[in-house]
Amino acid sequence: MMVLPFIMKEVDGRGRGLFSIDPLFRGDLIHEAPCLLVPHASYKEHACHTVLEHYLFNCKDGDRLLALGYGSIFNHSDPPNVDYRLDKDAMTIRYYAARDIEADEELCIYYGANLWFEEVEEGSSRTEEVEEGSESSDDENFLNRIETDD
């Protein structure tokens, strides 16, 4: 069984978030999320009209990847402490520490400049750890589509 370097917690005003368990160092692989491919035509016809729109990552050719598992739980920060790389051929997104990260620090990616929500100030209080299998009613924490080099 693989031990993950993070846990999921509820964050006031931000929904669920991922937090490092131990210190992480720049370049450490944090997570490799399997993905579903959304071809460009399917995106234009269907996906862009659904809630999935905010979970998709852009590929250079117009296709999109939908991160599964914990890949869709990273919250937004500017600047982020987590970087990611799309690998369309392997159908994965790999998330890396963009800098050294302290234990119990929230792990965040950059969603892009066109946010659909109002940013919550850094230092929001952290509440409870999310039980596996529980659901969050917070619909404001979707991953944004981000242009990347894949």
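Residues numbered from 1 in each chain as written. Predicted model: local features only at pLDDT ≥ 70, side-chain atom pairs only at ≥ 80, totals over all residues. Heavy atoms only, no water.

Another point: the pairing of strand β3 (residues 29-38). In this sheet, strand β8 (residues 92-97) lies alongside β3 in antiparallel orientation, the contact comprising 5 bridges. Bridged to P34 within β8 is T92. Pairing geometry for β3 and strand β5 (residues 64-67), over 4 bridges, is antiparallel. Of the residues in β5, the one forming a bridge with C35 is A67. (Pairing = 2+ DSSP bridges. Helix = DSSP H or I, 4+ residues; strand = E, 2+ residues; numbered from the N terminus.)

Counting buried positions along strand β2 (residues 15-20) gives 5 out of 6 residues, so the element sits mostly inside the fold. Between the antiparallel neighbours strand β1 (residues 6-11) and β2 lie 3 residues, among them G13 with a positive phi of about 80 degrees. In terms of strand pairing, β2 meets strand β9 (residues 106-109) through 2 bridges, oriented antiparallel. Residue pairing in the sheet places F19 in a bridge with E106 of β9. (Buried < 20%, exposed > 50% of the residue type's maximum accessible area, 1.4 Å probe, protein only.)

All right, on to the confidence of the model for the chain then. Chain-level pLDDT for the chain is 81 on average; 75% of the residues reach the 70-or-more range. Across the chain, element-level confidence peaks in β8 with a mean pLDDT of 98 and bottoms out in strand β10 (residues 126-129) with 38. Contacts from residues 124-150, a stretch scored under 50 in pLDDT, to residues over four places away or in other chains number 80 contacts. (pLDDT = per-residue confidence, 0-100. Contact = heavy atoms within 4.5 Å.)

Bringing the packing of aromatic side chains into the picture now. All chains considered together, the criterion is met by 4 aromatic pairs. Between F6 and Y70, the aromatic rings sit 5.1 Å apart at their centres with planes inclined by 75 degrees, giving edge-to-face as the arrangement. Taken together, the residues span a long stretch of sequence, with F6 in strand β1 and Y70 in the loop between β5 and β6 (75-76) at a distance of 64 residues. Residue F6 is classed as buried on the basis of its relative accessible area of 4%. Three or more aromatic residues joined by ring pairs make a cluster, and in this case those are F57, F74, Y84 and Y95. Above the ring of F19, the side-chain terminus of K9 is found at 5.1 Å from the ring centroid. Sitting over the ring of Y43, R64 keeps its end group 3.7 Å from the ring centre. (Phe/Tyr/Trp six-rings, centres within 6.5 Å; stacked < 30°, edge-to-face > 60°. Lys NZ or Arg CZ within 6 Å of the ring centre and 35° of its normal.)

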